[in-house]
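Coordinates in review
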Amino acid sequence: MSDAVNVDVKLGVNKFYVDEEQPHIVIKDHPDMQEFRKLMIACPAGLYKLLDDGSIRFDYAGCLECGTCKILCGDTILEKWEFPRGTFGIEYRYG
Amino acid sequence: MSEEAFDAIIVGAGLAGCTAALVLAQAGADVLVIERGNYAGSKNMTGGRLYAHSLEKLIPGFAKNAPIERLVTKEKISFMTDDTGVTMDYHTVRPDAPVKESYTVLRGKFDQWLAEQAENAGAQFITGIRVDNLLMRDGKVVGVEADGDELEAKVVILADGVTSILGEKLGMVKPRVSAHATAVCVKELIELPKGQLQDRFNITDEEGVAWLFAGNPSNGLMGGGFLYTNESSISLGLVCGLGHIEDSDKTVPQMMEDFKNHPVIKPLIAGGKMTEYSAHVVPEAGINMLPELIRDGVMLTGDAAGLCMNLGFNVRGMDLAIAAGEAAAKAVLKAKESNDFSATGLASYQTLLDESFVMQDMKLYKNAPAFMENPRIFNTYPKMVANIMADMFTVDGTPSEPLRKKIMKRCKEVGYMNLIKDGIKGVQAI
């Protein structure tokens, strides 16, 4: 077993062009927590977070555009899921 | 406007899209590829291995010029528990024909190269533009809308990946690809000096390792780990089925972290520098999740068409994408002869796929996805194998039992009926 993973450090080595104007994923207000929990487990970038005070946080900026959240919760707790506008988002230098 | 229309607009410059563009351009067709990333491959990732045969057919000897990483000559499969690994190791030499070869690849480089081949043949590429919608006229697809511009084409080929939003908009792909039909793949690229990498994996200059891991990496869920050696880096990652993800007591990033720290893996990547963290959804349900492939003026190909196979001991998608891209292009050329770009005119796409290894293999392994849903494969059996090994190799001074008894004891723990049942099912599925 290893220590708790720090995904933000991993995302830090990636190249992103964040679209500051338009988020490409938006979650609904007051999402069903059972659904949200799925994304806390499955999102490879760890973008769906439950904070200590019980509130939730989601940040699209480190999105790897993998599609996992769309498949799991696209029709439940996601208000919007689309690809970032052209040129924006993750840029895989190796892939 | 129709005089100005392209013969084909291809959405997505991955392997399926670039191959279709290449074949069309070589035949003199007027073709445009639109890619939302800044270059072909910039949104794409792979575990790491390309079976050469389908591209070899189109570009004989491509590996001499293309940016491949290593020729796979070493195959390994491991069964893992939390702290043990039992490994099968098959080492061979370069096959007698290039069609039998497979290479480790990195898509950022490889897709750019393939796009360049298509461009040299006359295909046009626009990058950094997202296609937002399809243009429809009388129920037929007649082009695309991107960044407010409208571009017309006789056919649109959707090679826009596993989350084909355009395919969904048309209703050809089910709005929500079932979680049971998909898995998530995460990967870290870990750089190591070339000499050190070759020493660690016992390989020569151009040789490479393809290594799959069952059991612990996916936390007992459908899936497993993988390791591919590149020229001077390691592609290390895992695939985890999304069907029962809510039952997992570990997050996917934590699975990856634990995999990196597994005693089998840790020394192999020690001192390496992580240079990229990538992820993607993988279509896993085989022929059972195929969308509609053809409608008037439009075809789906590659991951967008769900063309992917996971048999546990080999995982394929890129060779299928290349063959399917070729088939889609040929169907356009055929439709051009009769100037009929309706679903009927494009029907040869389906025929070409059915006649090729693409659909024949997808059909042959149609039961594999259901077999892979069996949790014993990812949980119970890796533990059983590890326990048998521990019994065999441990000497602690207590009186020994005959090997036969040691093995039978471990089989009994799993249940003889389960073993027989899964054995028969497994043989039938793969």
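Rules and cut-offs
- Residues numbered from 1 in each chain as written.
- Chains lettered and ligands numbered in written order.
- Predicted model: local features only at pLDDT ≥ 70, side-chain atom pairs only at ≥ 80, totals over all residues.
- Heavy atoms only, no water.
- UniProt positions renumbered as here; feature names shortened; annotations may be inferred.
- Disulfide = S-S within 2.5 Å.
- Buried < 20%, exposed > 50% of the residue type's maximum accessible area, 1.4 Å probe, protein only.
- Patch = residues over 30% accessible without salt bridge, like charges linked within 9 Å, V, L, I, M, F, W, Y side chains within 5 Å.
- Areas by Shrake-Rupley, 256 points an atom, 1.4 Å probe, with all protein chains shown as cover.
- Salt bridge = Lys/Arg side-chain N within 4 Å of Asp/Glu carboxyl O.
- Helix = DSSP H or I, 4+ residues; strand = E, 2+ residues; numbered from the N terminus.
- Contact = heavy atoms within 4.5 Å.
- Buried area = accessible area lost by both parts, 1.4 Å probe.
- Polar contact = N/O pair within 3.5 Å; in protein donor to acceptor, adjacent residues only side chain to side chain.
- Nonpolar A, V, L, I, M, F, W, Y, C, P; charged D, E, K, R; others polar.

Per an unreviewed UniProt entry, chain B is named Protein FixC, and its organism is Shewanella corallii. Turning to chain B, the UniProt record has this under Function (unreviewed entry): "Part of an electron transfer system." The record in UniProt for chain B states the following under Cofactor (unreviewed entry): "FAD".

Under an unreviewed UniProt entry, chain A has the name Ferredoxin-like protein and belongs to Shewanella corallii. Under the UniProt heading Function (unreviewed entry), the note attached to chain A is "Could be a 3Fe-4S cluster-containing protein."

Section: the state of the cysteines
All names here are of chain A. Taken as a whole, this structure holds zero disulfides over all chains when the rule is applied. In this model C43 remains outside any disulfide bridge; the closest cysteine sulfur is found in C66, 6.3 Å from its own. You can see C73 has no disulfide; the closest cysteine sulfur is in C69, sitting 7.8 Å from it. Relative accessible area serves as the criterion here: at 0%, C73 is assigned to the buried category.

As for a nonpolar patch on the surface
Residues and elements named next belong to chain B. A grouping of M408, Y416, M417, I420 and I424 is seen on the molecular surface, where their side chains present a nonpolar patch of about 510 Å² in accessible area. Tallying contributions element by element places helix 15 (residues 416-429) first for the nonpolar patch, with four residues. For I424, the location among the structural elements is in helix 15.

A short note on unusual backbone geometry
Positive phi values are uncommon outside glycine, yet H30 of chain A reaches one of about 45°. Position of H30 of chain A among the secondary structure elements: in the loop between strand 2 (25-27) and helix 2 (33-42). Among the residues examined, H30 of chain A registers a relative accessible area of 78% and is labelled exposed. We note that N202 of chain B has phi near 55°; this positive angle belongs to a residue other than glycine. Following the sequence through the fold, N202 of chain B ends up in the loop between helix 5 (194-201) and strand 12 (207-215). A residue is classified by how much of its surface remains accessible, and N202 of chain B, at 53% relative accessible area, is exposed.

Structural notes on the interface of chain B and chain A
How big an interface is tends to be expressed through the accessible area that disappears when the partners come together. Of the residues lining the interface, 55 residues belong to chain B; the matching set on chain A comes to 43 residues. Taken over both partners, the interface formed by chain B and chain A buries close to 4,100 Å², and the fraction arising from carbon and sulfur atoms is 55%. Connecting chain B to chain A are seven salt bridges. One salt bridge in this structure joins E65 of chain A and R36 of chain B, with 2.7 Å as the shortest N-O distance. Summed over the shared surface of chain B and chain A, the result is 28 residue pairs in polar contact (both at pLDDT 80 or more). Every element with two or more residues in the side of chain B that touches chain A is listed here: helix 3 (107-120), helix 4 (165-170), strand 11 (182-191), helix 6 (252-260) and strand 15 (273-283) of chain B. The element best represented in the side of chain B that touches chain A is strand 15 of chain B, accounting for eight residues. Residue classes in the side of chain B that touches chain A are distributed as 20 nonpolar, 17 polar and 18 charged.

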